[in-house]
Amino acid sequence: MDVGIFGAGHIGLSLAGLFDRAGHTVHIASRHLEELSRLLLDRQLRHARAESVEKVAESAELLIGAVQWTQLEALTAELPPIDGKVWIDPANPIAREADGTVTLIDTGTRPTSAIVADLVPKAQLVKAFNSFTTPMYRSGPLTSLGRIVAPLAGDHPAALSRVAELIKTTGFVPIVVGNIDDSVVLQPGGALRRLSIPLIAP
């Protein structure tokens, strides 16, 4: 698959590594292409390439908004048309300050993915990958008890199927928890996020 990632920070690069190891072509958007290209080379990501926002939006079939919550509106405003493409939403409503402080942003009663869906109204949005932690990216899906579950939610069956297939290629186990309204269980404070350990599939 061709996977496009907007955001070359912690989440974006972690996802790039995950998909690169699975053999997918990964397009990562950056305004600093030479710097990102060197970083990808240092990390030995053989299938990843640094490209402009416009190029990533045009080239990839699955798009991931891996920027901070406060940057999503600006990102989506500069995108070229992405009608019918799948938009994977790993965003959590948090703000990171320069000193490392993390603040949870009050988004009201709507699911956060419903808010993101309004920013990309012509794409098919799937909530996924927002509950992964750094050790999970690095160590992979296997534990002594079984494989780690990667929950996802969305309103478009075909898009859910494609994202589930992407997850399978990484070794994690996809489980659809429902539609966008149901995705609240994946948000910070949601039922699945309050678990002390990840879900395991035997």
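Bear in mind the structure is a predicted one, so any value in this text is a computation, not a measurement.

Here is what the cut-offs are and how they apply
- Residues numbered from 1 in each chain as written.
- Predicted model: local features only at pLDDT ≥ 70, side-chain atom pairs only at ≥ 80, totals over all residues.
- Heavy atoms only, no water.
- Helix = DSSP H or I, 4+ residues; strand = E, 2+ residues; numbered from the N terminus.
- Buried < 20%, exposed > 50% of the residue type's maximum accessible area, 1.4 Å probe, protein only.
- Core = buried A, V, L, I, M, F, W, Y, C linked by side-chain atoms within 4.5 Å.
- Contact = heavy atoms within 4.5 Å.
- UniProt positions renumbered as here; feature names shortened; annotations may be inferred.
- Salt bridge = Lys/Arg side-chain N within 4 Å of Asp/Glu carboxyl O.

Student: Any chance you could explain the environment of Ser 144 here in plain terms?
Tutor: Note on placement: Ser 144 falls in the loop between helix H6 (134-139) and strand S9 (147-154). The class of Ser 144 is exposed, set by a relative accessible area of 79%. Put simply, Ser 144 and Ile 200 are 56 residues apart on the chain and 9.8 Å apart in space, counted from C-alpha to C-alpha.

Student: When you look at the nonpolar core in this model, what are you seeing that I'm missing?
Tutor: Among the nonpolar cores identified, the biggest contains 35 residues, and Ile 5, Phe 19, Ile 88 and Phe 129 are the most heavily contacted of them. With six residues, the single largest contributor to this core is helix H7 (residues 157-169). If we skip the residues at most four places from it in the chain, Ile 5 touches Gly 12, Leu 15, Ala 16, Phe 19, Val 26, His 27, Ile 28, Ala 29, Val 56, Ile 64 and Ala 66. The next biggest cluster of nonpolar side chains, apart from the first, holds 21 residues, and it includes Val 53, Val 56, Ile 82 and Val 116.

Student: Hey, could you run me through the UniProt feature "domain: Pyrroline-5-carboxylate reductase catalytic N-terminal" (unreviewed entry) in the chain in this one?
Tutor: Residues annotated by UniProt as "domain: Pyrroline-5-carboxylate reductase catalytic N-terminal" (unreviewed entry) correspond here to residues 3-93. What you have in residues 3-93 is 38% helix and 23% strand, and the ends, taken at the C-alpha atoms, are 23 Å apart.

Student: What exactly am I supposed to notice about the pattern of salt bridges here?
Tutor: Side-chain pairing between opposite charges can occur once the charged atoms of the two side chains come close. A full pass over the atoms with the stated rule returns four salt bridges. In this structure, Glu 61 engages Arg 162 in a salt bridge whose closest nitrogen and oxygen atoms are separated by 2.6 Å. Here the residue Glu 61 occupies a position in the loop between helix H3 (53-59) and strand S4 (62-65), and Arg 162 occupies one in helix H7, the gap between them amounting to 101 residues. Glu 61 sits in the partly exposed class, given a relative accessible area of 30%. Owing to a relative accessible area of 33%, Arg 162 belongs among the partly exposed residues under this scheme. Residue Asp 118 pairs with Arg 110 through a salt bridge whose shortest N-O separation is 2.9 Å.

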